[in-house]
Structure formats: C-alpha cells, structure tokens
Amino acid sequence: MASRYTSYLTIERLGTAVGQEVTLNGWVYDTTGKGKLQFVKLRDGSGICQCVAFKPNLPEEVFENIRSLTQESSVSITGTVREEPRAPGGYELDITGVKIHQIASDYPITPKEHGIEFLMEHRHLWLRSARQHAIMRIRSAVVKAIRDFFDGNGFRLMDSPILTPNACEGTSTLFETEYFDLGKAYLSQSGQLYAEATAMALGRVYTFGPTFRAEKSKTRRHLTEFWMVEPEMAYFDLNDDMDLAEDLVEYIVQYCLKTCQQELATLGRDISKLEKVRRPFHRMSYSEAVEWLNKNNVKLIKKNADGTESQTDFPWGEDFGAPQEEAIMEQFDKPCIIHRYPAEVKAFYMKRDPENMKVALAMDMLAPEGAGEIIGGSQREDNYDVLLERVHHENLPEEAFQWYLDLRKFGSVPHSGFGLGVERTVKWISGAEHIREVIPFPRMIYRIVP
Ligand code: 4AD
Ligand code: MG
C-alpha cells in the first residue's frame, strides 16, 4: 500500500495535477462568499489554495458543509485543479466534496491586529499565520543549506554534548543543574571545545546544536537558547577560517534566494539587498575599525553615575557594542569581517597574533541592514604552555580543562573554527524585526511558555 507520504498531494505540488480531481488535507485559513459562491482558503503547511464551491454544481449537503467552515477547522477538500494565474499559488480547486474532521470555534488569532504579548502567549497557534509560516520555512532552508554546504565540502557532523562540566565562553552566563553525585553540570554555551577534539580525530568537523546563555540581555538579537553551527578545522589558520565563513554565508543566502522566493515575497523582503551578498565580503582589522569610527566622529557614549552622558573618542581596547557595529555597517551592503580584536576582550582559547601580542586571531562577521554579528570565530591557541597560562589567568579550573589541554600535548596543530548563530542568520535573511519570531518556541529571560 502506498504510504500517505507519497499518496496525498500537497498544495505546493498542485501543478502536477491540473485538470485532475484531487483531495487536499488541511485547515481553513479564511472563508468568504455570498449567494451561490463560497470561497475557502485552505492551508496545508506547504501552501495556500483557494477552493471554490458553486452551489448549482453541488449536492445541498456539501454546499452547507462548506458554508459551516470556520477559521482553522480541519478538512479534506476534494475538487478539480484549475490553473488560475491570479490565485496566490497559481491554482484553484473547484470543490466537488468535503470531509470535515473538526469544526474549530473561536480561534483566538483573527485577521485583526493583535499585541505582541498576546501573540507570544499563543505562539503554538501563531506559527500557523502566513508570516510565521514563511519565516519557519526560511529557517528550515537555512539549516538545510548549512548542512549541504558542510556535507558537500568534506566535513563530518560530530555532535557535542549539551551537559558539560565547565564553561566555554566565560562563566557569567551559564545555566547550572545538579548532576547526580558529580556536582554541578552546565548547559553548553558552545560545542567548540569538543569540536576541537573531534577535529583532531576527523580533520574537518562541524557540530550543530542548541546552545544556552543565561544572559540578561533584552535585545532583539538575544535568546537564552539558540542554535549554532560550529565548524572546526585542523591545519586552518585565521585566513582559511575567514574564507570558509564567507563561502558558507554566501551559500546560505544564495540558497534561500533560490528556494524561498515565495516566502521572501510573503515577508515583503527586499531581495535586491540579498542578491548583493557575494564574495568577497569586506574585511577590516579591529584597529582599522577604531580608526574609522574616530575619523567619522562616531563617539562612545557613556552614562555617568549622576545620570548625565559623556562622549569620548572610541578607545582602543574596548569591545564594540551594537552602536559601533551599526555605524561601521552603514557603509556596506554586504557582510564585513572584523578581525584581530584586543585579546583582553576575547575568549581564553584564542591564539594571539605573533605579529602583535595585544591582539587575538579572532574574527566576527557582521551582517548588513542592522543585523549585527552573525559569526564569531578564531584561530585557537595550540601551544600547551600558553594555553595553560591563559586558563590560570582567567581563573578557570585547570582540572576541568585537562582533556582540552591534552589536545595541545599529543600532536598539536594550528586549527581554527567559528560559530554561526542560526537565528541571527534567519532574522537577517527574513528581515524579521525581532529574534523571537525566527525560532518556533523562543526562550528569553521573561519567557519559557509555551
Ligand atoms: O561569538 P560567540 O559567543 O562564539 C562562540 O560561541 C564560539 N565558541 C564559536 C566558535 O568559535 N566555535 O557565538 C557565536 C554566534 C554569534 O556570532 C551569534 O550569531 C550567535 O552565536 N549568538 C547568539 N544568538 C542568539 N542569542 C544569543 N544570546 C547569542 N549569542 C551568540
Ligand atoms: Mg561573539
């Protein structure tokens, strides 16, 4: 027997059945009609199709059933597929029969405007709306593009653990939990350290999973649980790392342009901006970026204790915040990599630049249109003594990092990697205002439900 997977036709494949009688399984998105004509917009997850009931052609009961349909009722509608260039997907269905699975009453999300808190409370239903539906399909395409890119370029997927005994990206933003008799465990902030170990076994790997940051940030770019893909490559230096990051991002954006035209149109996204995302991207060192900020009078604004504000030139050594990143990106219509940040503001595992020990061989990729940082990465410290000194300097527990230090004892090699935030990337490509819209069930400081 054919499985339902192959046997039932979805709306996105209606073009294969023009002139035929088919059955669509879905939910009622909207209904209109008067007199002898009823229109049902049916959605099935793959698309929306307008179904038309014409009273004189139908048994009384079928027409009445169609008239009784309400928003989000579940139905199977049978009818003949007709080409209709003016219809949303290009086809309409002339109804011949209907099977009602359930009549939904008082669906809470109506076509009128709702406040964001209400929508977030109803996230489990909000996902059905056209805009959310389009964003989720873009998210799925971004993940597929990422996996295709790495799988097609000689990388192996190596999952890192989520329960970890120690911090990776600094101790201040860890979620902790009790772990039996072994003390505290922490939800992973990054799979990188384990990716380094698997890269020494498999050469080129990527780890792809959820990561957790107990950050108190309430910005439009921060989640407490987000997905990150982290490639790690043996024998790659910082330049190789930046080249790979550019290739990956170009591939993702171009893949979405190719496969998500309809979704991008639903969102009203200006795709001419995305079309420009072609290599080479822009690159500048942190020092050049500081010079640029000061030459262009982009002041560092600081709040004083008495509530007043003071403005200064941007001092070398301070980390960039959103205002600096936005100012730098205003001049660019494709991403820019900023490299060689002050070592003091970056993570303990980053290698210092042998040509200037004050800077780390680090890089961040900033995306245009106010999207901000989508990638953070670096060449890793590969010298045992230097890394051990960094562990001590940051007051990290040496014991917990013994296995990580081992990688520098047994066949240490130059190696590099980076992390790309899936939600930051989807937010940029879809043009969503807020990161909470680009993950099915966002986790933020003030939200864990639904
Ligand atoms: O810059 P981050 O913290 O780098 C790391 O975690 C490294 N261990 C990665 C590596 O080298 N393997 O995070 C990487 C990316 C950021 O550029 C951003 O896209 C995303 O992860 N990200 C967040 N996304 C959503 N919410 C948050 N709170 C995020 N924090 C980081
Ligand atoms: Mg970062």
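A quick note: this is a predicted structure, and the numbers were derived from the prediction, not measured.

S.K.: Any chance you could break down the pattern of salt bridges for me, citing the residues and the numbers?
M.R.: All chains considered together, the criterion is met by 37 salt bridges. Here arginine 283 makes a salt bridge to aspartate 243, at a shortest N to O gap of 2.8 Å. In this pair, arginine 283 is assigned in strand 12 (residues 282–285) and aspartate 243 in helix 7 (residues 238–259), connecting sequence segments 40 residues apart. By relative accessible area, arginine 283 is classed as partly exposed at 31%. For aspartate 243, a relative accessible area of 31% translates into the label partly exposed. Residues participating in the shared-partner salt-bridge network are Arg82, Glu84, Arg86, Glu92 and Asp94.

S.K.: Help me get a handle on the site of ligand 1, residues and values and all.
M.R.: Lining the immediate environment of ligand 1, one finds 24 residues, of which Glu169, Gln192, Glu230, Glu373 and Ile374 sit closest. Isoleucine 374 places a main-chain nitrogen or oxygen 2.8 Å from an oxygen atom of ligand 1. Within the backbone of glycine 376, an N or O atom sits 3.4 Å from an oxygen atom of ligand 1. In the complex, 93% of the free accessible area of ligand 1, which totals 630 Å², lies under the protein chains. In this structure the site holding ligand 1 corresponds to the largest pocket.

S.K.: An account of the domain arrangement of the chain is needed here, citing residue identities and associated values.
M.R.: By convention, interface size is frequently given as the accessible area that disappears when the constituent parts associate. With domains assigned, the chain is organised as domain 1 (11–102) and domain 2 (123–437). A separation of 46 Å is found between the C-alpha centroids of domain 1 and domain 2. Taken residue by residue, the interface counts nine residues in domain 1 and six residues in domain 2. At the boundary of domain 1 with domain 2, total buried surface from both sides reaches about 500 Å², with 35% on carbon and sulfur atoms. When the buried surface of domain 1 facing domain 2 is broken down by residue, Tyr29, Arg43 and Gly45 rank first, second and third, together holding 53% of it.

S.K.: Tell me about the packing of helix 7 against helix 14 (residues 422–430), residues and numbers included.
M.R.: Viewed as axis vectors pointing N to C, helix 7 and helix 14 meet at an angle of 45 degrees, and their least axial separation amounts to 11 Å. As the angle between them shows, helix 7 and helix 14 are arranged oblique. Between helix 7 and helix 14 lies a crossing of right-handed hand. On helix 14, the residues that touch Val249, Ile252, Val253 and Cys256 of helix 7 are Thr425, Trp428 and Ile429. For the contact of helix 7 with helix 14, the per-class residue count stands at six nonpolar, one polar and no charged.

S.K.: Tell me what's going on with helix 2 (residues 60–67), and back it up with residues and numbers.
M.R.: Every buried residue of helix 2 is accounted for by Val62, Phe63 and Ile66. Down the axis, helix 2 shows its buried residues gathered within 95 degrees of arc, on one side only. Among the exposed residues of helix 2, those oriented more than 90 degrees off its buried face are Glu60 and Glu61.

S.K.: How would you sum up helix 11 (residues 322–329)? Please name residues and give values.
M.R.: The complete set of buried residues in helix 11 reads Gln324, Glu325, Ala327, Ile328 and Met329. Lining the buried residues of helix 11 we find strand 12, helix 10 (286–295), strand 13 (300–303), strand 15 (336–339), strand 18 (362–367) and strand 19 (372–379).

S.K.: Break down the environment of tyrosine 29 for me, citing the residues and quoting the values.
M.R.: Secondary-structure assignment places tyrosine 29 in strand 1 (residues 21–34). For the pair tyrosine 29 and arginine 123, spaced 94 residues apart in the sequence, the C-alpha separation amounts to 17 Å. Once residues within four sequence positions are removed from consideration, tyrosine 29 is found in contact with Lys41, Arg43, Ile48, Gln71, Glu72, Arg128, Ser129 and Ala130. A distance of 3.0 Å separates a polar side-chain atom of tyrosine 29 from the backbone nitrogen of alanine 130.

Procedures and definitions
Residues numbered from 1 in each chain as written. Chains lettered and ligands numbered in written order. Predicted model: local features only at pLDDT ≥ 70, side-chain atom pairs only at ≥ 80, totals over all residues. Heavy atoms only, no water. Salt bridge = Lys/Arg side-chain N within 4 Å of Asp/Glu carboxyl O. Helix = DSSP H or I, 4+ residues; strand = E, 2+ residues; numbered from the N terminus. Buried < 20%, exposed > 50% of the residue type's maximum accessible area, 1.4 Å probe, protein only. Near = heavy atom within 4 Å. Polar contact = N/O pair within 3.5 Å; in protein donor to acceptor, adjacent residues only side chain to side chain. Areas by Shrake-Rupley, 256 points an atom, 1.4 Å probe, with all protein chains shown as cover. 1 Å grid on protein atoms, 1.4 Å probe; cavity = no way out; pocket = protein on both sides within 12 Å on 5 of 7 lines; lining within 4 Å. Sits in = over half its atoms within 2 Å of the grid points. Domains from an automatic or database assignment. Contact = heavy atoms within 4.5 Å. Buried area = accessible area lost by both parts, 1.4 Å probe. Axes fitted to C-alpha atoms, helices over the stretch in contact; angles between N-to-C directions. Parallel < 35°, antiparallel > 145°, perpendicular 65-115°, else oblique. Left-handed = near helix turned anticlockwise from the far one by under 90°. Nonpolar A, V, L, I, M, F, W, Y, C, P; charged D, E, K, R; others polar. Arc of directions from axis to C-beta.

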